[in-house]
Amino acid sequence: MSTLRGVAVPAMARVMALERGTEAERHGGQKLTVSVVGEVRKVGRYELENGATVFDAIALTDGFTESASPSGLAILRLEGTTLVRILVDEPHTAFLRPGDMVVVPALNA
């Protein structure tokens, strides 16, 4: 364990905090707006800090519904004129960009 601001945290948590800071710096410290759709308790558009992850966005929705399939998480992102689907294995390390859409599928989808 290491310490971060006087609190004991696992080493991975410290690495994640540093990555989040780097991602925020890359986008100029502005806020970003993303949509979260599918099997979450509150579907909608959410404003987050730059450097936010899929985990952060899902937390704002009050979490998954009972029929959600967390293993099927994806980000839909417009890159130029192409819509790209990015599968998310680890929501706490999947950084979001402005305009992204987080998709939480149903178990049978």
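Calculation rules
- Residues numbered from 1 in each chain as written.
- Predicted model: local features only at pLDDT ≥ 70, side-chain atom pairs only at ≥ 80, totals over all residues.
- Heavy atoms only, no water.
- Helix = DSSP H or I, 4+ residues; strand = E, 2+ residues; numbered from the N terminus.
- Buried < 20%, exposed > 50% of the residue type's maximum accessible area, 1.4 Å probe, protein only.
- Contact = heavy atoms within 4.5 Å.
- Areas by Shrake-Rupley, 256 points an atom, 1.4 Å probe, with all protein chains shown as cover.
- Pairing = 2+ DSSP bridges.
- Axes fitted to C-alpha atoms, helices over the stretch in contact; angles between N-to-C directions.

Student: Teacher, can you tell me more about the overall build of the chain here?
Tutor: Each helix and strand in the chain was counted, giving two helices and seven strands. Reading the secondary structure of the chain in the N-to-C direction produces β-β-α-β-β-α-β-β-β. Per-residue burial over the chain gives 33% buried out of 109 residues. Within the chain, counting contacts between residues at least 6 apart in sequence, those at least 24 apart form 49% of the total. Carbon together with sulfur atoms contributes 56% to the accessible area of the chain, which is approximately 6800 Å² in total.

Student: Honestly, unusual backbone geometry in this entry has me stumped. Any pointers?
Tutor: For residues that are not glycine, phi is negative in most cases, and the peptide bond is trans in most cases. Backbone geometry places Asp62, a non-glycine residue, at a positive phi of 70°. Within the fold, Asp62 resides in the loop between α2 (54-60) and β5 (74-79).

Student: When you look at the pairing of strand β3 (residues 31-38) in this model, what are you seeing that I'm missing?
Tutor: Examined bridge by bridge, β3 and strand β4 (residues 44-49) share six bridges and lie antiparallel to one another. Its bridge partner being in β4, Thr33 is matched across the sheet by Glu47. With antiparallel pairing between neighbouring strands as the criterion, β3 and β4 make up a hairpin whose turn holds five residues. Where β3 lies against strand β7 (residues 101-104), four bridges are found, and the strand directions are parallel. By the bridge assignment for β7, Val37 is matched with Val103.

Student: Got a minute to help me understand the environment of Val37 in this structure?
Tutor: The topology assignment puts Val37 in strand β3. When the C-alpha positions of Val37 and Pro105 are compared, they lie 8.5 Å apart, and in sequence the two are 68 residues distant. Among all residues touching Val37, those that are not within four sequence positions of it are Val43, Met101, Val102, Val103 and Val104.

Student: I would appreciate a short explanation of the sheet that holds β7 in the present structure.
Tutor: Within a beta sheet, neighbouring strands are joined by backbone hydrogen bonds and run either parallel or antiparallel to one another. With respect to topology, five strands assemble into an open sheet ordered β4-β3-β7-β5-β6, the strand pairing being mixed. In this open sheet, the two edge strands, each paired with only one partner strand, are β4 and β6 (82-87). Going from strand to strand, the sheet's axes swing by 30° on average, the running direction of each strand aside.

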